[in-house]
Amino acid sequence: MKLIRFALSIMLVATLLAARPVAPHAQNLVQESITIQIDRPGAAIPATLFGVFFEDINFAADGGIYPERIKNRSFEFSEPLMGWKKVEANGARGSLEVRAEDPLNANSPHYLRLKAETDGFGLSNEGFRGIGLKQGETYTFSAYARSAGGLKALKISVVDANGTELGRARLSGFGKAWKRLSVPLRPNATEAKAMLKLTTEEPGTIDLDQVSLFPVNTYGKRPNGLRPDLVQLLKDLHPGFIRFPGGCIVEGRNLDERYQWKTTIGDPAQRKQIINRWNLEFRTRNPARAPEDYFQSFGLGFYEYFQLCEDTGAEPLPILNCGMACQFNTGQLVPLEGLDPYIQDALDLIEFANGPTTSTWGRKRAELGHPAPFNMKMLGVGNEQWGPQYVERYEIFAKAIKAKYPDIKLISSAGPSPQGERFDFLWKALRGLQADLVDEHYYQPPKWFLENAHRYDNYPRTGPKVFAGEYAAHAQAKNRPDRPNNWEAALAEAAFMTGLERNADVVLMASYAPLFAHVEAWQWSPNLIWFDNLRSFGTPSYYVQKLFSANRGTRLLPAKVEGSGEVKDLYISASFDAKSNEVILKVVNTAATARTMNVNLAGAAKVGAEARALTLASHDLAVENSLNEPTKLAPVELRVNLAGSRLPYQFVAHSLTVLRVPCQ
Ligand code: AHR
């Protein structure tokens, strides 16, 4: 096995070494060329072109980027003790009861009463497929507690899968009223699947709610902050925008379970938890896909989403429910005359994001710690809705929002598929309504992406613009329950993305979907980034997104391919970056063979002496990254000497190459 791996890595290095300028003696044999017209700049490329789509699917929020370690911390799951177990070893006795009388607050109506008849009694929490702990880091254990008789302290410990204790603390100071108490805990070892234990030192009774174990080391060291490695992976993508909080999650299976942003801000203990729409959505034999324990604590709420946008330099793009539940589920509708509260939510959200601190919702933002506006410029009305019911609701929303906030750009829906009756109906109606941006979704086989790389070349240049809001190439692999995140899929996406970029005057924004998945708790694949309780990695699709986004120029340049016959399996786009004075050429070679081409910089007044070439390539279309080999496929950078405005270059088989050439 080791030998095979060694041979494969030699092949990979050999492949990448082949991606290089062509030796002078061979240059006259080059048959194909790419000519970039530097002196004829085209449309501006919006900074929002490549962004990300966040949805709480696959444990993306709770169990993922929201790093709370305790599952069901507020005892509000449908089965209120899910995730918790009695600890009654060595003859310890007592009872656990979930109660509703005199609760912590109305949004957290249940709590736990722990009654110990002996010492050593208590309960344990299993976390989200285990509790991830890192040696040397500090975790804050906290809980709302109320004495109900006798008990002076609780022992808090974390143990590994064998029951070996990794760290302990003691919580005391209980009074007659609810009080939040906390204590630091420092594990002496790293463990991905630890468990938390709360046990008594004596008989007595105590009420507990909002039991939490939270890392101090969050992104930016914020209390209630986010998991740093996952935020960093997002930041490295240079996202132009973040679309949140979904996805179907916005719609809910029914209207009661829809996402309501106002319940997601402020004190986390006051945020009203609901079931996650993906809970039991895909009941199959694969246990990872049947997460009965999937709820939304909303610890990651709208304020944190706005902060995440700021942290990653992305424009915020919230999507709100438009009075329709998921049409793949109940499809419940709010009658047109009942839409006012939904519209008010949208208006209030704009005030929350942008309003002065003297306004009701602007003041709330300031109270949460952010007096400066978040500068939100776009808002989605509904997710993936379709039919006349959507159009009539969109129209009412748009009228009300535009009347008060004419500058906010609204995103409307083209439905779940990239063509067909629903799609045509929606586009026609939205064009008639002079919509700003229409959101197209395509989850299709790699072949579709290759065949549609020119999809937008002939789209109308007037009227609504396109938001390619959810897309991913769905490849197949035998004998496995998921669709693989392999190079075949990512390469097809890269080819398609040259078409998005070439048409940046029509396609203003695009985002791969979904974004995150826990390796042990996913409902959907493929996804851009996978993680477990401690580690994470970007897929080949992640690196494609990164290469496009980090190498987005500011203006399009015309580029054409010429050869002796028909040039196949080649996809290109070119731009100029006014920030760095570079021409950026993206070339996707989907052929199984390398191709050598002359890259001509026509109309250039001055060309620099050295270019940079970033290449993502593999002969093996089935290659994937993993937790153990997170960068098995990742971009490789080369420096290329230049001698004038013609660069003969070899684009290796199955590759995405980004050439950055200093040029004026
Ligand atoms: O990305 C997964 C789902 O696909 C989204 O929630 C939904 O909008 C689409 O159907």
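Counting from 1, residues in each chain are numbered in the order their sequence is written. Owing to the predicted nature of the model, reporting of local features is limited to residues with pLDDT of at least 70; listing and counting of side-chain atom pairs is limited to 80 or more, with chain, interface and lining totals taken over all residues. The side-chain values count all of the structure's non-hydrogen atoms but skip hydrogen atoms and water molecules.

A. Layout of the site of the ligand. Residues in close proximity to the ligand include Phe53, Glu55, Gly247, Cys248, Trp278, Asn383, Glu384, Tyr443, Glu470, Pro514 and Trp524, which together make up its full environment. In the environment of the ligand, an oxygen atom lies 2.8 Å from a nitrogen or oxygen atom belonging to the side chain of Glu384. In protein, a polar contact means a hydrogen-donor-capable atom and an acceptor-capable atom, both N or O and within 3.5 Å, with residues adjacent in sequence counting only if both atoms are side-chain atoms; elsewhere, any N or O pair within 3.5 Å suffices. Take Glu470: an N or O atom from its side chain is 2.7 Å from an oxygen atom of the ligand. A total of 280 Å² of accessible area belongs to the ligand in isolation, and the protein chains cover 96% of it. Each residue is assigned to one class: nonpolar for Ala, Val, Leu, Ile, Met, Phe, Trp, Tyr, Cys and Pro, charged for Asp, Glu, Lys and Arg, and polar for all the others, Gly among them. A breakdown of the residues in the shell around the ligand according to their chemical character gives six nonpolar, two polar and three charged. Put simply, a residue is near a molecule or strand once any heavy atom of it comes within 4 Å of that molecule or strand. Shrake-Rupley sampling with a 1.4 Å probe provides the accessible areas, and residues are treated as covered by the protein chains on show and by no other component.

B. Representation of the nonpolar core within the structure. The definition of a nonpolar core used throughout is a set of buried Ala, Val, Leu, Ile, Met, Phe, Trp, Tyr and Cys residues joined through side-chain atoms within 4.5 Å. Residue exposure (1.4 Å probe, protein chains only): buried if accessible area is under 20% of the type maximum, exposed if over 50%, otherwise partly exposed. Core analysis: the biggest nonpolar cluster contains 139 residues, and Phe54, Phe302, Leu379, Leu500, Phe516 and Leu656 have the highest contact counts within it. Only runs of H or I of at least four residues qualify as helices and only runs of E of at least two qualify as strands under DSSP, and these elements are numbered from the N terminus. Here this core gets 10 residues from one element, more than from any other, and that element is helix α10 (residues 487-502). Working rule for contacts: check all heavy atoms of both residues, and any pair within 4.5 Å makes them a contact. The contact partners of Phe516, leaving out residues within four places of it in the chain, are Phe54, Ile57, Asn58, Ala60, Ile65, Leu230, Leu234, Asn527, Ile529 and Phe531. Grouped together as the second largest cluster of nonpolar side chains are 34 residues, Ala92, Leu151, Leu171 and Val211 included.

C. How the structure looks around the layout of surface pockets. Of the volumes computed, that of the largest pocket is approximately 560 Å³. Forming the boundary of the largest pocket are 26 residues, of which Arg180, Phe214, Pro223, Asn224 and Pro268 lie nearest the centre. Of all the secondary structure elements, the ones that give two or more residues to the lining of the largest pocket are β8 (139-147), β13 (204-215) and α4 (302-312). In terms of residue class, the lining of the largest pocket is made up of 11 nonpolar, seven polar and eight charged. Only protein atoms enter the 1 Å grid used here. Points where a 1.4 Å probe fits but cannot escape make up a cavity, open sets with protein on both sides within 12 Å along at least five of seven lines make up a pocket, and a residue lines them when an atom lies within 4 Å of a point. Grid points are joined across faces, edges and corners, and a volume is the space filled by probe spheres set on the points.

D. Looking closely at the packing of helix α5 (residues 340-354) against helix α6 (residues 360-367). In the contact formed by α5 and α6, the axes pass within 7 Å of each other and the chain directions differ by 45°. Judged on the interaxial angle alone, α6 and α5 are oblique. Handedness of the α5/α6 crossing: right-handed. When α5 is examined against α6, the residues Asp348, Glu351, Phe352, Ala353 and Asn354 are found in contact with a partner set consisting of Thr360, Trp361, Gly362, Lys364 and Arg365. Split by residue class, the contact of α5 with α6 holds three nonpolar, three polar and four charged. Helix axes are fitted only over the stretch in contact, all axes being lines through C-alpha atoms; the angle between N-to-C directions runs from 0 to 180 degrees. Orientation labels follow simple angle bins: below 35 degrees gives roughly parallel, above 145 gives roughly antiparallel, 65 to 115 gives roughly perpendicular, and whatever is left gives oblique. Crossings are classed by handedness, with left-handed meaning an anticlockwise turn of the near helix from the far one by less than a right angle and right-handed meaning a clockwise turn.

E. Region of interest: the packing of aromatic side chains. Aromatic pairing here means that ring centres of Phe, Tyr or Trp (its six-membered ring) are within 6.5 Å. Orientation follows from the plane angle: under 30 degrees is stacked, over 60 is edge-to-face, and everything else is tilted. For the coordinates displayed, the defined rule picks out 43 aromatic pairs. Each ring, one from Tyr471 and one from Phe496, has its centre 6.1 Å from the other, and the planes form 55°; the classification is tilted. Taken together, the positions of Tyr471 in strand β21 (residues 465-473) and Phe496 in helix α10 put the pair 25 residues apart, joining distant regions of the chain. Note on accessibility: Tyr471 and Phe496 belong to one class, buried. In our convention, an over-ring charge means Lys NZ or Arg CZ found within 6 Å of a ring centre and within 35 degrees of that ring's normal. Arg146 extends its terminal NZ or CZ atom over the ring of Tyr111, reaching a point 5.1 Å from the ring centre. Here the guanidinium or amino end of Arg422 rests over the ring plane of Trp386, the centre of that ring lying 4.0 Å away.

F. Broad picture of the environment of Thr263. Mapping Thr263 onto the fold places it in the loop between α3 (248-251) and β15 (274-275). Assessed through its relative accessible area of 28%, Thr263 is described here as partly exposed. Counting along the chain gives 77 residues from Thr263 to Asp340, while the straight-line C-alpha distance between them is 18 Å. What Thr263 contacts, discounting residues up to four positions off in sequence, is Arg271 and Lys272. A distance of 2.8 Å separates a polar atom in the side chain of Thr263 from the backbone oxygen of Gln260.

G. Highlighting unusual backbone geometry. At the junction of Gly246 and Gly247, the peptide bond is cis and its omega measures out at 15° in the coordinates. Backbone torsion omega between Ser525 and Pro526 reads 0°, so that peptide bond is classified as cis. The topology assignment puts Pro526 in the loop between β23 (516-518) and β24 (529-531). With a phi close to 50°, His238 is a non-glycine residue in the positive phi region. Position of His238 relative to the elements: it lies in the loop between α2 (228-236) and β14 (241-244).

H. Structural view of α4. Here α4 lies mainly inside the structure; 10 of its 11 residues are buried. Contacts from the buried residues of α4 go to α2, β14, β17 (315-320), α5 and α6.

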